[in-house]
Amino acid sequence: MMPVGKWKRASGTAVTALALLMLAPGSSAADFDPAEHDGARQLVDTLVDRGIEREWLEAALRSAEFQQGVLDAMEGAAERRLRWDEYREIFLQPERIERGVAFIKAHHDAFARAEAEYGVPAEMIAAIIGVETSYGRFTGRHRVIDSLSTLAFHHPVRGSFFHGELTAFLEITREQDVDPGSLKGSYAGAMGYPQFIPTSYRAYAVDFDDDGVRDLWTNPVDAIGSVANYFAVHGWQPGSPIYHEAQGPDTPPATVDFNRTARPYASVAELAEAGIRVEAGLDDDALVVPLSLEVSEEAWRYRVGHENFYVITRYNHSHLYAMAVTELAEAIEAARELEAHPLEPTSNGGGGE
């Protein structure tokens, strides 16, 4: 990727069947032209009142194109259709683990400083970036302006949410003097190494290398600090566990509300009554997040999450995501430990008496 100073600058002049029904016939490269699109025109008026030039905004939205594939992708997210073993397999690959070790080594000073300032382990920060973009290798193929415009004006349920994201995206790109049409991300408009959505970018991104720019698109150091900041703001507890193993019946009991991405809400005693036994010696009144992970057809694995598990779900509201990040972090930590302290080769020689 090109550094910030080399980006193309803005010139300043320059789902579902329901969603398709909402799209005007004869859509073109001017799908969101404020001269023709009421919603786009209202957004321009709002941002002009906040100090952004009308011509720049109109050019940005005029360049946006409707993408039906973005609406389709929103309906098929892996977190909603895969079992735990299938989802885990995507991320717990040797290559991703090795690259995590290399990524920490390449940016050792930044990771050490992030851990010291925010209390978040290097392996956890790396695992987030590893799951999101394979350490910056795959940051998305969708133009962010297209994705967010499509979702803001055509998503049948979450349009208001994405309207806020589109607004924040235009503000960020104008503030940083970046052409909004030049940036690519996920189908949901997430961007850069850590795949921050625009409102998260505004709230949690930090200039971790002190160069005057919060750049998550091309700067891994800023990304490392920003992920750590995100976790700290959401209540990460340094040194506290993320989860513990548990044992339970062949089928998850219906009396337990499993896999809610909420703060710990079920007591150890309640789970014991339902046949879920936590292997760690936790107090009966300790609150946890009960997890049932389907590992094959009609086979389950049980765990309980703690407050740090909940913090990970603030990044992505999926228990499968949080568990995959956790296991990747564990694997990276184990690989780093092995690299630092390799096992001594064993001798197979054995002379007879």
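Residues numbered from 1 in each chain as written. Predicted model: local features only at pLDDT ≥ 70, side-chain atom pairs only at ≥ 80, totals over all residues. Heavy atoms only, no water.

S.K.: Would you mind going over the overall build of the chain with me for this structure?
M.R.: Each helix and strand in the chain was counted, giving 15 helices and seven strands. Burial statistics for the chain: of 353 residues in total, 51% are counted as buried. Per element, the accessible surface of the chain, about 16800 Å² overall, is 49% carbon and sulfur. (Helix = DSSP H or I, 4+ residues; strand = E, 2+ residues; numbered from the N terminus. Buried < 20%, exposed > 50% of the residue type's maximum accessible area, 1.4 Å probe, protein only. Areas by Shrake-Rupley, 256 points an atom, 1.4 Å probe, with all protein chains shown as cover.)

S.K.: Sorry if this is basic, but what is going on with the pairing of strand β3 (residues 243-247) here?
M.R.: Looking at chain direction, β3 and strand β7 (residues 299-305) are connected through four bridges and run antiparallel. When the sheet's bridge partners are listed, E245 is paired in β7 with R303. Two elements, β3 and strand β5 (residues 277-278), share two bridges in a ladder whose sense is antiparallel. Counted as the bridge partner of A246 is V278 from β5. (Pairing = 2+ DSSP bridges.)

S.K.: Explain the packing of helix α7 (residues 108-118) against helix α12 (residues 220-233) here, please?
M.R.: Remark: α7 packs on α12, axes separated minimally by 9 Å, with the N-to-C direction vectors making an angle of 20°. Taken together, the axes of α7 and α12 are roughly parallel relative to one another. As α7 runs across α12, the sense of the crossing is right-handed. Residues A110, F111, R113, A114 and Y118 of α7 pack against V221, I224, G225, A228, N229 and A232 of α12. When the residues that make up the contact of α7 with α12 are grouped by side-chain class, the tally is eight nonpolar, two polar and one charged. (Axes fitted to C-alpha atoms, helices over the stretch in contact; angles between N-to-C directions. Parallel < 35°, antiparallel > 145°, perpendicular 65-115°, else oblique. Left-handed = near helix turned anticlockwise from the far one by under 90°. Contact = heavy atoms within 4.5 Å. Nonpolar A, V, L, I, M, F, W, Y, C, P; charged D, E, K, R; others polar.)

S.K.: Would you explain the packing of aromatic side chains in this entry?
M.R.: Each aromatic ring pair is summarised here by two numbers: the centre-to-centre distance and the angle between the ring planes. Following the criterion strictly, the structure yields 16 aromatic pairs and no others. A ring pair is formed by Y201 and W217, whose centres lie 5.0 Å apart and whose planes are at 35°; its orientation type is tilted. Here W217 lies in the loop between α11 (198-204) and α12 and Y201 lies in helix α11, a separation of 16 residues in the sequence. Here Y201 matches W217 in class, with each residue buried. Measuring from ring centre to ring centre gives 5.5 Å for F231 and W236, while their planes differ by 45°; the resulting arrangement is tilted. Comparing F231 with W236, the two get one shared label, buried. Taken together, F196, Y204, Y230, F231, W236, Y315 and Y321 form an aromatic cluster joined through their ring pairs. In this structure, R113 is placed above the aromatic ring of F208, and the distance from its NZ or CZ to the ring centre is 3.8 Å. (Phe/Tyr/Trp six-rings, centres within 6.5 Å; stacked < 30°, edge-to-face > 60°. Lys NZ or Arg CZ within 6 Å of the ring centre and 35° of its normal.)

S.K.: Looking at this structure, I do not really get helix α6 (residues 94-106). What am I missing?
M.R.: Helical geometry: 3.6 residues make up each α-helical turn, so side chains three or four residues apart lie on a common side. The end-to-end C-alpha separation of α6 is 18 Å, in line with the 18 Å expected for 13 residues at 1.5 Å each. Looking at the buried side of α6, the elements it contacts are α5 (84-91), α7, α8 (122-133), α12 and α15 (319-340). (Expected span 1.5 Å × (residues − 1).)

S.K.: How should the pattern of salt bridges be read in this particular structure?
M.R.: Opposite charge on two side chains permits them to pair, given that their charged atoms come into close proximity. Per the counting criterion, the structure on display carries 22 salt bridges. When the shortest N-O distance is used, the salt bridge between R174 and E53 registers 3.0 Å. Here the residue R174 occupies a position in helix α10 (residues 159-175), and E53 occupies one in the loop between α2 (38-49) and α3 (54-62), the gap between them amounting to 121 residues. A residue is classified by how much of its surface remains accessible, and R174, at 21% relative accessible area, is partly exposed. The class of E53 is partly exposed, set by a relative accessible area of 40%. One salt bridge in this structure joins R202 and E171, with 2.7 Å as the shortest N-O distance. Taken together, the positions of R202 in helix α11 and E171 in helix α10 put the pair 31 residues apart, joining distant regions of the chain. On the basis of relative accessible area, R202 is assigned to the partly exposed category, the value being 33%. (Salt bridge = Lys/Arg side-chain N within 4 Å of Asp/Glu carboxyl O.)

S.K.: Before we go on, may I ask you to explain the sheet that holds strand β4 (residues 266-267) in this structure?
M.R.: Backbone hydrogen bonds hold the strands of a sheet together, and the pairing may be parallel or antiparallel. Across the sheet, five strands lie side by side as β4-β6-β7-β3-β5; this open sheet has antiparallel pairing. Of all strands in the sheet, those with a lone pairing partner are β4 and β5, marking the two edges. Across seven bridges, strand β6 (residues 287-296) lies against β7 in antiparallel orientation. Counterpart to P290 in the pairing with β7 is V304. Along the sheet face, α5 touches β6 and β7 and points at about 90° away from the line of β6. Those strands touched by α15 are β3, β6 and β7, and its axis lies near 85° from that of β6.

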